[in-house]
Amino acid sequence: MKNRKMWNVLMVLCLMFTIFVTACSSSDNTANEPESQPEATDTNKTDANKEEDKKEEPKEPVKQFSDEPVTLKIATPWGIDYFTPRMIEPIQQQFPHVTVEHVDWNGTSENMQELSAQGIVPDIVLGYTGQAPFEELEMVFGLDDMIAEYGVDLSGVNPQLLQELRSRDKQGRLIGLPDAGDVLALYYNKEIFDLLGAEYPTDHMTWDELIELAKKLTVKKDGVQYSGLDLGAMPTALFNQLSMNYTDPESGEILFDKDPKFAKMMEVLKKYFSIPNIYNPEEQSKFESKTAAMVINWHGFLTWFGGEPVERVEYEKNMDLVPVPSFADMPGIAPKPGAHPWVINNFSEHKEAALQVLNYVISPEYQIQYRMRMGTPSVSLSQEDGKLFGADDPTYTGKNVGAMFQNPFAEPPARKSPWDRHVAFSEALTKFATTDLNIAEFTRVLKEESEIKIKEEQSKK
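Residues numbered from 1 in each chain as written. Predicted model: local features only at pLDDT ≥ 70, side-chain atom pairs only at ≥ 80, totals over all residues. Heavy atoms only, no water.

### Section: the overall build of the chain
And step 1. When helices and strands are tallied, the chain shows 17 helices and 10 strands.
And step 2. Within the span of the chain, comprising 461 residues, buried residues form 47% of the whole.
And step 3. Taking contacts inside the chain between residues at least 6 apart in sequence as the whole, the part at least 24 apart equals 74%.
And step 4. A total accessible area of about 24,400 Å² is found for the chain, and carbon and sulfur atoms account for 51% of it. (Helix = DSSP H or I, 4+ residues; strand = E, 2+ residues; numbered from the N terminus. Buried < 20%, exposed > 50% of the residue type's maximum accessible area, 1.4 Å probe, protein only. Contact = heavy atoms within 4.5 Å. Areas by Shrake-Rupley, 256 points an atom, 1.4 Å probe, with all protein chains shown as cover.)

### Section: the packing of helix 3 (residues 80–94) against helix 13 (residues 351–361)
And step 1. Where helix 3 contacts helix 13, the axes come no closer than 11 Å and their chain directions differ by 105°. Taken together, the axis directions place helix 3 and helix 13 in an arrangement best described as roughly perpendicular. Residue-level contacts link Met87, Pro90, Ile91 and Gln94 of helix 3 to Val357, Tyr360 and Val361 of helix 13.
And step 2. Of the residues that constitute the contact of helix 3 with helix 13, the class distribution is 6 nonpolar, 1 polar and no charged. (Axes fitted to C-alpha atoms, helices over the stretch in contact; angles between N-to-C directions. Parallel < 35°, antiparallel > 145°, perpendicular 65-115°, else oblique. Nonpolar A, V, L, I, M, F, W, Y, C, P; charged D, E, K, R; others polar.)

### A word on the side chain of Lys286
And step 1. Note that Lys286 resides in the loop between helix 11 (260–273) and strand 8 (294–298).
And step 2. Setting aside chain neighbours within four positions, we find Lys286 in contact with Ser227, Asp230, Asn277, Ile278, Tyr279, Asn280, Thr291 and Ala292.

### A short note on the sheet that holds strand 2 (residues 98–104)
And step 1. The sheet built from 5 strands is open, its strands ordered 2-1-3-10-4 with mixed pairing. For this open sheet the edge positions go to strand 2 and strand 4 (177–178), each flanked by a neighbour on one side alone.
And step 2. Sheet strands in contact with helix 13 are strand 1 (70–76), strand 2, strand 3 (124–126), strand 4 and strand 10 (341–344), and its direction is about 165° off that of strand 10. (Pairing = 2+ DSSP bridges.)

### Comments concerning the pattern of salt bridges
And step 1. Under the definition given, this model contains 22 salt bridges.
And step 2. Two residues, Glu250 and Arg415, come together in a salt bridge whose shortest N-O distance is 3.2 Å. Of this pair, Glu250 sits in the loop between helix 10 (234–241) and helix 11 while Arg415 sits in the loop between helix 15 (383–386) and helix 16 (425–434), and the two are 165 residues apart along the sequence.
And step 3. Glu250 sits in the exposed class, given a relative accessible area of 60%. (Salt bridge = Lys/Arg side-chain N within 4 Å of Asp/Glu carboxyl O.)

### Looking at the side chain of Gln241
And step 1. Turning to its location among the elements, Gln241 is positioned in helix 10.
And step 2. A relative accessible area of 1% places Gln241 in the buried class.
And step 3. Of the polar contacts made by the side chain of Gln241, one reaches the backbone oxygen of Pro325; its length is 2.8 Å.
And step 4. Residues contacting Gln241, with those up to four places away along its chain left out, are Trp207, Val324, Pro325, Ser326, Phe327, Met330, Ile333, Ala334, Pro335, Lys336 and Ala410. (Polar contact = N/O pair within 3.5 Å; in protein donor to acceptor, adjacent residues only side chain to side chain.)

### Section: a negative patch on the surface
And step 1. Together, Glu110, Glu114, Glu135 and Glu136 make up a negatively charged patch on the protein surface.
And step 2. Elements represented by at least two residues in the negative patch include exactly helix 4 (109–117) and helix 5 (132–136).
And step 3. For Glu114, the location among the structural elements is in helix 4. (Patch = residues over 30% accessible without salt bridge, like charges linked within 9 Å, V, L, I, M, F, W, Y side chains within 5 Å. Lys, Arg positive; Asp, Glu negative; His and termini not counted. Charge placed at Lys NZ, Arg CZ, Asp CG, Glu CD.)

### Brief notes about the environment of Gly107
And step 1. With respect to the secondary-structure elements, Gly107 resides in the loop between strand 2 and helix 4.
And step 2. On a C-alpha basis, the gap between Gly107 and Thr76 in space is 8.0 Å, while along the polypeptide they are 31 residues apart.

### Focus on the confidence of the model for the chain
And step 1. Looking at the chain as a whole, its pLDDT mean stands at 87, while 87% of the residues score no less than 70.
And step 2. This stretch, residues 1–56, has a pLDDT under 50; its non-local contacts, to residues over four places away or in other chains, come to 3 contacts. (pLDDT = per-residue confidence, 0-100.)

### Here we look at the packing of aromatic side chains
And step 1. Per the counting criterion, the structure on display carries 29 aromatic pairs.
And step 2. For the pair Trp105 and Tyr128, a centre-to-centre distance of 5.9 Å together with 85° between the ring planes defines the contact as edge-to-face. Of this pair, Trp105 sits in the loop between strand 2 and helix 4 while Tyr128 is found in the loop between strand 3 and helix 5, placing the two residues 23 residues apart along the sequence.
And step 3. Of the residues examined, Tyr128 reaches a relative accessible area of 24% and is grouped as partly exposed.
And step 4. Note on Phe273 and Tyr279: the rings are 5.2 Å apart at their centroids and 75° apart in plane angle, and the pair reads as edge-to-face.
And step 5. Looking at Phe273, the relative accessible area reads 13%, which means it is buried.
And step 6. Sitting over the face of the ring of Phe327, Lys264 holds its NZ or CZ atom 4.9 Å from the ring centroid.
And step 7. Note that Lys351 overlies the ring of Phe141, its terminal NZ or CZ placed 5.2 Å from the centroid. (Phe/Tyr/Trp six-rings, centres within 6.5 Å; stacked < 30°, edge-to-face > 60°. Lys NZ or Arg CZ within 6 Å of the ring centre and 35° of its normal.)

### Comments concerning the environment of Pro90
And step 1. Structurally, the position occupied by Pro90 is in helix 3.
And step 2. A relative accessible area of 2% means that Pro90 is categorised as buried.
And step 3. Spatially, the C-alpha atoms of Pro90 and Tyr360 are 9.7 Å apart, while their sequence positions differ by 270 residues.
And step 4. Once residues within four sequence positions are removed from consideration, Pro90 is found in contact with Thr84, Pro85, Tyr360, Tyr366 and Tyr370.

### A word on the sheet that holds strand 8
And step 1. The sheet built from 3 strands is open, its strands ordered 8-5-9 with antiparallel pairing. If you trace the sheet from one side to the other, it starts and ends with strand 8 and strand 9 (319–322), each paired once. Adjacent strand axes in the sheet meet at a mean angle of 35° when their direction is disregarded.
And step 2. With 5 bridges connecting them, strand 5 (residues 184–189) and strand 8 associate as antiparallel partners. Its bridge partner being in strand 8, Leu186 is matched across the sheet by Ile296.
And step 3. Taken strand by strand, helix 9 (residues 207–217) contacts strand 5 and strand 8, and its axis lies near 130° from that of strand 8.

As structure tokens, then:
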């Protein structure tokens, strides 16, 4: 009996030793497996452990920007006085190795060719006149590879702004980084509302509600003809809200009678122009002259008329703003934001330094100090940033500037049509407003006129 007990103990010890050796061998084999082999699923592994493993994974090295001395030429239409405090001073303070020179450019390919003939090759260009000049001169340089190579963080840039810039390129490349965001608002003059006993516009109006309010305010009082709504940038707001193209990006085919969004846009404009005495093409500044109760315009509208800041505060003390109205079936959707990109010239010999500067220009630090606080929307276009809009300009004190950032923005089209610039919509709209043309006739005439221009342009290629 004693021997049997001893034998049982020895068997248990042998079994435990076998299990131990097997476990160690298995552990060693796992450690020697190549990293590419998939791990066995461990159902007992916690999310915290998984997250820790992710952090320990090796990352691709990010290339560092050089600090070698360099001179960058930046082309804008701003003029040196406007450019210096917004670009030269902050950039050279941030990067002592970078010297910035301003180049005056009027936005045309002809002017850029003149600069080239003088031996002036801008490294960075503000693309405020669209993509055409850069394509004509083969200046387009896609940034995607360099952005990945240098680890440029785009998370603080509004996605719609990036898509807006990609939509301009045939290959969908990021052809620049935004200088800022361009947004619209509905401005109104409280003096006229109070005089005519009308309720102020609200945050959640539809286009139909705006038209009805405009009707009530388009009256003659004390010998003065008031307009309920100045046309302003209303067509642009409608166009951007619907994320439209007038033409097919590839073929240039006119889409007026194919895209129902065009008819939707024209219905609103027809209702507007149908209000007697609301529109006079010879009086383009009714809001500024304080004879129009409302106008849709861009974010810098209040700072571009009325004189110096102190004078503007007095002039505009009864003016305020609310979000742009939306369509009933698209509630709370703001017009897509516009963007003027900083483009790195394909012929620049200093692309690395140019990207280093643009990486700083889109940073929150720069955007808040040199854009938001000065009265230009930052590239983030966030509601939080909206609280700082115009903080350094007394014009905006007490104004509802958050209205510009209150609603989500419409998505830009996947591809912006380069042929749209041959559609003279604004000129045709004046004819539509001052004649008896119905929407169908207006569409037919504009289509015929646009097709002639597009075919002429296509024949040159």
